[in-house]
Amino acid sequence: MVFRKVVWIWVFTTLAAATAGLQSPAPESPDSADPRLLTRLEEVEGGLADLKAQCHREVHALTQNLRALQAAVLRVQRDREEMRQELEGLRGLLTPAQSLSAEGTHSSNPPQFGDRNPARHLNDPDPFHTSLSGPLQGVQQDQDPSLHVQSPRADPSLHVQTPRADDGGPLGVVVDHIAQRTEQLTAEVQALKTSDAQQNQAIQAARGSTFVRWGSSSCAGTSELVYSGLLGGSWYDHAGAASNPLCLSLSPRLLETKAGVSYALLYGGEYETSDSHQNKNPLCAVCRSPEPTTIMVPGADGCSSGWTLQYAGRLMAGYHAHHGATQFICVDDKMESEIGSQNNEEGRLLYYVQTQCGSLACPPYENNKLVTCAVCSK
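As the structure is a computational prediction, the values presented were derived from the model and not from experiment.

### Describing the state of the cysteines
Put plainly, a disulfide is one covalent bond tying together the sulfur atoms of two cysteines.
Argument step 1. One pass over the structure, following the stated rule, counts five disulfides.
Argument step 2. For Cys303, the disulfide goes to Cys376, at an S-S distance of 1.9 Å. On the S-S bond that ties Cys303 to Cys376, the torsion sits near -90 degrees, and the link is left-handed. Here the residue Cys303 occupies a position in the loop between strand E6 (294-298) and strand E7 (308-317), and Cys376 occupies one in strand E10 (residues 372-377), the gap between them amounting to 73 residues.
Argument step 3. Judged by relative accessible area, Cys303 falls into the partly exposed class, the value being 26%.

So, in structure tokens, the structure goes:
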């Protein structure tokens, strides 16, 4: 600034001297002019041109520096705002017991950082920005449009360094605390994902259904075998017979205590089919399907679209003239039976089901035909 003042004083002095010389009486002809005065005038004009060019360059350089300073200030403000948002989010996650008071840096006001002045907090006005906002605004409004705008060069003095966790200051403590909390949240999220996966597996396991595959000792497809056994139930001609058939365990556990004078009776079962299966004891299997619903469809040998076929077979029940009540069941086409069980010992008897037209619509049914069945899951 002192140099500029000296230059301007020299300029004004030179101009005053030149003006005084010019105001002297004009010579009668150009040839009578003082050559030294003309030379001096040319020097002054050249000096003024050089001074103007120098002033133009200095103003242009100053404008560039101010723009670079403005961009640096904006970057600092943006970084401060991002850190403020991160800290606000952290405060929402932490309880008062987990606040920064454990590290000795928490107070009733927000954390201090920036210039490390205890009187300044995160939400206080930025005096650095306030002190520069006036000059910067003036540069934006009063800058010469003819000046070529160049990209501001990076000023090492304006570089904003990212605070490190080991710098020992309050901001370093905050960054360290954020890193620790981030690790904790990451571990909690991973634990929740693991728990969610386990719960989904448990839900999938709990939403299945069970069914009995009569006439077979195994399960098919995606169904799992719970246990296999033998068909049992009430005597075919008892008036008080239980209607439902049972799939009896092959490893029974029985009590020696007698029931007294009144009790129900349990028998084995037999096929009454007048073919190669006659008098044989039917096998059975209790199966579990991963699908939540399993149904038996009489009069079909397959399942509707979207359903899974567990097995197909023949519809069977008790003889219509016997006194014992029975239920319709679907017996697998294989009609498996216990080996060596061809003796006629009666018990729970299974007969093929045959159609009788009348109340049964014919068509679509036909008279005196054996009825098929299918067990389907979805």
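Picking up after the structure, the text goes on.
### With respect to unusual backbone geometry
Most peptide bonds are trans, and most residues other than glycine sit at a negative phi.
Argument step 1. Residue Pro363 is reached from Cys362 by a cis peptide bond, and omega for that bond is -5 degrees.
Argument step 2. Relative to the helices and strands, Pro363 resides in the loop between strand E9 (348-352) and E10.
Argument step 3. A cis amide bond links Pro363 to the next residue, Pro364, at an omega of 15 degrees.
Argument step 4. Relative to the elements of secondary structure, Pro364 occurs in the loop between E9 and E10.
Argument step 5. A positive phi is found at Glu346, a non-glycine position, where the angle reads about 60 degrees.
Argument step 6. One can find Glu346 in the loop between strand E8 (329-332) and E9.
Argument step 7. You will see that Asn368, though not glycine, has its phi angle at about 60 degrees, which is positive.
Argument step 8. When you line up the elements, Asn368 lands in the loop between E9 and E10.
Argument step 9. Take Asn368: its relative accessible area is 44%, and that puts it in the partly exposed class.

### Re the packing of aromatic side chains
Argument step 1. Under the defined criterion, the tally for this structure stands at four aromatic pairs.
Argument step 2. When the centroid spacing of 6.4 Å and the interplanar angle of 25 degrees are considered together, the rings of Phe211 and Tyr311 count as stacked. Of this pair, Phe211 sits in strand E1 (residues 209-214) while Tyr311 sits in strand E7; the two residues are 100 residues apart in sequence, bridging distant segments of the chain. Accessibility classification places Phe211 together with Tyr311 in one group, the buried group.
Argument step 3. Ring geometry for Trp235 and Tyr236: centres 5.2 Å apart, planes at 35 degrees, overall tilted.
Argument step 4. A relative accessible area of 22% means that Trp235 is categorised as partly exposed.
Argument step 5. Grouping aromatic residues by their ring pairs yields a cluster made of Trp235, Tyr236 and Tyr267.

### A short note on the side chain of Gln310
Argument step 1. Mapped onto the fold, Gln310 is located in strand E7.
Argument step 2. Overall, Gln310 belongs to the buried group, its relative accessible area being 5%.
Argument step 3. In terms of polar contacts, Gln310 uses its side chain to reach the side chain of Ser289, at 3.3 Å.
Argument step 4. At 3.0 Å, the side chain of Gln310 and the side chain of Ser377 are in polar contact.
Argument step 5. Sequence-distant contacts of Gln310, defined by excluding residues within four places in its chain, comprise Phe211, Arg213, Ala220, Ser223, Ser289, Glu291, Val375 and Ser377.

### Considerations on the nonpolar core
Argument step 1. By size, the foremost hydrophobic cluster in this structure holds 24 residues, and its most contacted members are Trp214, Tyr271, Tyr311, Met316, Val331, Met335 and Leu350.
Argument step 2. When contributions to this core are tallied by element, the ones reaching two or more residues are E1, strand E5 (283-289), E7, E8, E9 and E10.
Argument step 3. With residues up to four places along the chain from it excluded, the contact list for Trp214 reads Leu231, Pro245, Leu246, Cys247, Leu283, Cys284, Tyr311, Ile329, Cys330, Val331 and Asp332.

Calculation notes
- Residues numbered from 1 in each chain as written.
- Predicted model: local features only at pLDDT ≥ 70, side-chain atom pairs only at ≥ 80, totals over all residues.
- Heavy atoms only, no water.
- Disulfide = S-S within 2.5 Å.
- Helix = DSSP H or I, 4+ residues; strand = E, 2+ residues; numbered from the N terminus.
- Buried < 20%, exposed > 50% of the residue type's maximum accessible area, 1.4 Å probe, protein only.
- Phe/Tyr/Trp six-rings, centres within 6.5 Å; stacked < 30°, edge-to-face > 60°.
- Polar contact = N/O pair within 3.5 Å; in protein donor to acceptor, adjacent residues only side chain to side chain.
- Contact = heavy atoms within 4.5 Å.
- Core = buried A, V, L, I, M, F, W, Y, C linked by side-chain atoms within 4.5 Å.

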